[in-house]
2 protein chains.
Amino acid sequence: MDTVVVHDIDSEDDKLELKAQIDLSQSIPTGTDKSPTTLEWILQGLPEKWKNWVVRFVFTMIMIVFFGLVIYGGPLALMMTTLIVQVKCFQEIINIGYAVYRIHGLPWFRSLSWYFLVTSNYFFYGENLVDYFGVAINRTDLLRWLVTYHRFISFCLYCGGFVWFVLSLVKKYYMKQFSLFAWTHVALLIVVTQSYLIIKNIFEGLIWFIVPVSMIICNDIMAYVFGFFFGKTPLIKLSPKKTWEGFIGGGISTVIFGCLISYFICQFPYFVCPIEYSESLGRMTMECEPSALFRPAEYNLPGCFSGLSIIGIPSSITIYPFVLHSLSLSIFSSVIGPFGGFFASGFKRAFKIKDFGDVIPGHGGIMDRFDCQFLMATFVNVYISSFIQTDSPQKLLAQVLYLKPEQQVQFFTLLKESLENRNVLEPVVIIN
Amino acid sequence: MDTVVVHDIDSEDDKLELKAQIDLSQSIPTGTDKSPTTLEWILQGLPEKWKNWVVRFVFTMIMIVFFGLVIYGGPLALMMTTLIVQVKCFQEIINIGYAVYRIHGLPWFRSLSWYFLVTSNYFFYGENLVDYFGVAINRTDLLRWLVTYHRFISFCLYCGGFVWFVLSLVKKYYMKQFSLFAWTHVALLIVVTQSYLIIKNIFEGLIWFIVPVSMIICNDIMAYVFGFFFGKTPLIKLSPKKTWEGFIGGGISTVIFGCLISYFICQFPYFVCPIEYSESLGRMTMECEPSALFRPAEYNLPGCFSGLSIIGIPSSITIYPFVLHSLSLSIFSSVIGPFGGFFASGFKRAFKIKDFGDVIPGHGGIMDRFDCQFLMATFVNVYISSFIQTDSPQKLLAQVLYLKPEQQVQFFTLLKESLENRNVLEPVVIIN
């Protein structure tokens, strides 16, 4: 998974890029092979290659334990962690941009980037709140005001940043400033929008977070293990250490692992219930009657199998429907997921850096471990909105309650007529 | 509005950039002072400066007439024009990127950019269709299928492009390829998302398109006129030709013009009615009872004016509420709007080009005339969603009809209880 930096000094351009690279290595904390002092002391007898391997292993374990703890901490802890990871990833990407364009005297650039980060978070988290806390928020006038004008406030904040950027332009630096402006926006697009999707997924039920995240982890680890033991055929020039054996072995392991973990997790209401505001309880709740997705269902096997019932294979199987959906997730995570990794490693080579940062010994920066997670979160979100979640009556109700009372009545009448026309609704007799 | 290219050859970097600029001028069609042959022939006696002025004037008029014709052509013609403008702007931006990074042998880059343009258009136009044609689409199974899985299809298309990009990476070009990838995404962000907002605005009623667009045109022209006759004090270093006199004169003219055109346009249902699907007519319609926004209302003047009623000033005025809203729009277009122009002219200087293209004689590329229009469209959209449009009962109904029949009934019951609890709904007696 580490990449090898290759130089081709065969043109003017490349010489310049090599110069840039030397500057880069001075300004980005990208060395990741140094291990913490205690671990260093314990491992002092081992050869270098093994030492790295142990450091990497130890910190993989630490991260998995930490991941477990955060899930145990519940949705709020998860959301806070997502937010911290997001900020850290943004910082790593921006630092690279800062180093690539080498503009240390540039006025306001850093402040502007952070300003845009805060603004876009305000925008996206606000949009989230509207969807999920709609009914609750609707009760307080101040919050209602903040929600109603939320988009307008966000846009004004953005315009402020835009004007600030234009005013901060300095003649000699135009090109670099515009490049960094674009860089900031791409970073926001990658980090903020996708971490927002992660949080949306969490609201749909913890299972939509835990299963995909652990699939990516499993795929990373198993591709590494298979590659380590059986790897012979190189997969792609971009990452010389990746092999077909690792890719296929990792993929198969991920599909199996995905079925197992889905089957296990489906059994706990804590993991499968969406986080919703309960009007009767007056607070957020994660209790529910699990939806059909998480109740065992009987599936008939295709006709060609039916003859096999004689030799003991049943003609139907009973599983949680979610386990079937987990197949799509695991296939995506093991086919397209690695491309997220290739993309990141291409990016690192493009800008001649080894890792995004040096926060996690043996792994690099946070961004090195989360590259595929972001892409996966987007897939899960799209998957849910396409195949799982049709709007829930609860959420639509929240939207209706935003209407003016007379519009609510108008809506009620429209709906009633529509339902009656289609004979969906049995006309009810209400007697005062 | 034209910019002057300034060179500072005082460092290695600048020399390189100068070289790049020479390349650029060869590869981007950026000369805009050439006029069409017929016009050239008519104007042959005039001095160069006047000739340019006349060409610019003639083509401003041609564009305004064209704009009028398109509006006369109705919403569909408008949407098609928006789409063409969008494609043209995207092409101009991409061409600059292509020239800036000078990679003529780069595999697949152009095809990839256009692929992403098509994909993102499919995504955004699809999202639009869902909102506005919901009820209609719901009737055909095939369309329903396309709409339900629309996001998933878009995402798969995007992933295809993403994989294609990763596979097209060539060792020597990594940095340039990633830069162009980012460039494409920024172009999509600017052009596609914002032209999508323009179309959303059109659906809210033609007035939300005509008024803002003509405000920007008015501001451009009047700032030019005021600057031409009274301009003395330079406004911003970025655009040496812009003056405070032009800025203020243009601003005041725009506010006055905005009130007048709003007042005029408010009187025609054709302009003020949203484009909606009418269930009773079975087709899209632009007929409606104009909403309160477009019906004259009486406003009391603040207390301090009340004493003035003796000298003939009334204590209240009767105007269309929309005219008041037009004040916000005209103030935005004359304060922040020009920053869109500064941004574009900074961008052009950063990459040492004179104009985005040479489509419109005397004006440059399409993007040169639409830079502020995009920002304005976003403002209008945010403004509508914050201050004007609470969800209409019609649109919410479309969403409810996506639910399964039993969920529709569940929703109906929930809504009925909620309305009755708050005494919004008088219990109705229905007797079979």
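These figures come from a predicted structure and were not determined experimentally.

> Sorry if this is basic, but what is going on with the interface of chain A and chain B here?
Often, the extent of an interface is quoted as the loss of accessible area upon association of its parts. Every contact between the two is made by 82 residues of chain A and, on the other side, 83 residues of chain B. Summing the contributions of chain A and of chain B, the shared interface buries around 7900 Å²; its carbon and sulfur component is 76%. Put simply, chain A and chain B have 0 salt bridges between them. Remark: the boundary between chain A and chain B carries 2 residue pairs in polar contact (both at pLDDT 80 or more). Here the side of chain A that touches chain B gets 12 residues from one element, more than from any other, and that element is helix H16 (residues 405-421) of chain A. Here the side of chain A that touches chain B is built from residues that sort into 54 nonpolar, 15 polar and 13 charged.

> How should I be thinking about the confidence of the model for chain A in this particular structure?
Reading predicted coordinates in detail is not appropriate for stretches of low pLDDT. All names here are of chain A. Taken residue by residue, chain A gives an average pLDDT of 80. The fraction at 70 or more is 81%. No element of chain A has a lower mean pLDDT than helix H1 (residues 12-27), which averages 49, and none a higher one than helix H10 (residues 244-265), which averages 94. A low-confidence stretch, residues 1-18 stays under pLDDT 50, and its non-local contacts, those more than four residues away or across chains, total 31 contacts. Scored by ipTM, the complex comes to 0.81, with pTM at 0.81.

> Looking at this model, I keep getting lost on the pairing of strand E2 (residues 239-243) of chain A. Mind explaining?
In the case of a regular strand, side chains alternate between the two sheet surfaces. Residues and elements named next belong to chain A. Of the strand pairs in this sheet, strand E1 (residues 234-236) and E2 are connected by 2 bridges, and their pairing is antiparallel. Bridging from a neighbouring strand, Pro-234 pairs with Thr-243 of E2. Hairpin connection of E1 to E2: 2 residues between the antiparallel strands.

> Help me out: how do you make sense of the packing of helix H9 (residues 207-230) of chain B against helix H13 (residues 321-335) of chain B in this one?
The packing of two helices is summarised by the inter-axis angle and the distance between the axes. All names here are of chain B. Between H9 and H13, the least distance of the axes is 10 Å, while the angle of their chain directions is 40 degrees. As summarised for this structure, H9 and H13 are arranged oblique, according to the angle between their axes. Classified by chirality, the crossing of H13 by H9 is right-handed. Each of Ile-207, Trp-208, Val-211, Met-215, Ile-216 and Asn-219 in H9 lies in contact with H13, whose residues at this interface are Phe-322, Ser-326, Leu-329, Ser-330, Ser-333 and Ser-334. Residues that form the contact of H9 with H13 fall into these classes: 7 nonpolar, 5 polar and no charged.

About the cut-offs
- Residues numbered from 1 in each chain as written.
- Chains lettered and ligands numbered in written order.
- Predicted model: local features only at pLDDT ≥ 70, side-chain atom pairs only at ≥ 80, totals over all residues.
- Heavy atoms only, no water.
- Contact = heavy atoms within 4.5 Å.
- Buried area = accessible area lost by both parts, 1.4 Å probe.
- Salt bridge = Lys/Arg side-chain N within 4 Å of Asp/Glu carboxyl O.
- Polar contact = N/O pair within 3.5 Å; in protein donor to acceptor, adjacent residues only side chain to side chain.
- Helix = DSSP H or I, 4+ residues; strand = E, 2+ residues; numbered from the N terminus.
- Nonpolar A, V, L, I, M, F, W, Y, C, P; charged D, E, K, R; others polar.
- pLDDT = per-residue confidence, 0-100.
- Pairing = 2+ DSSP bridges.
- Axes fitted to C-alpha atoms, helices over the stretch in contact; angles between N-to-C directions.
- Parallel < 35°, antiparallel > 145°, perpendicular 65-115°, else oblique.
- Left-handed = near helix turned anticlockwise from the far one by under 90°.

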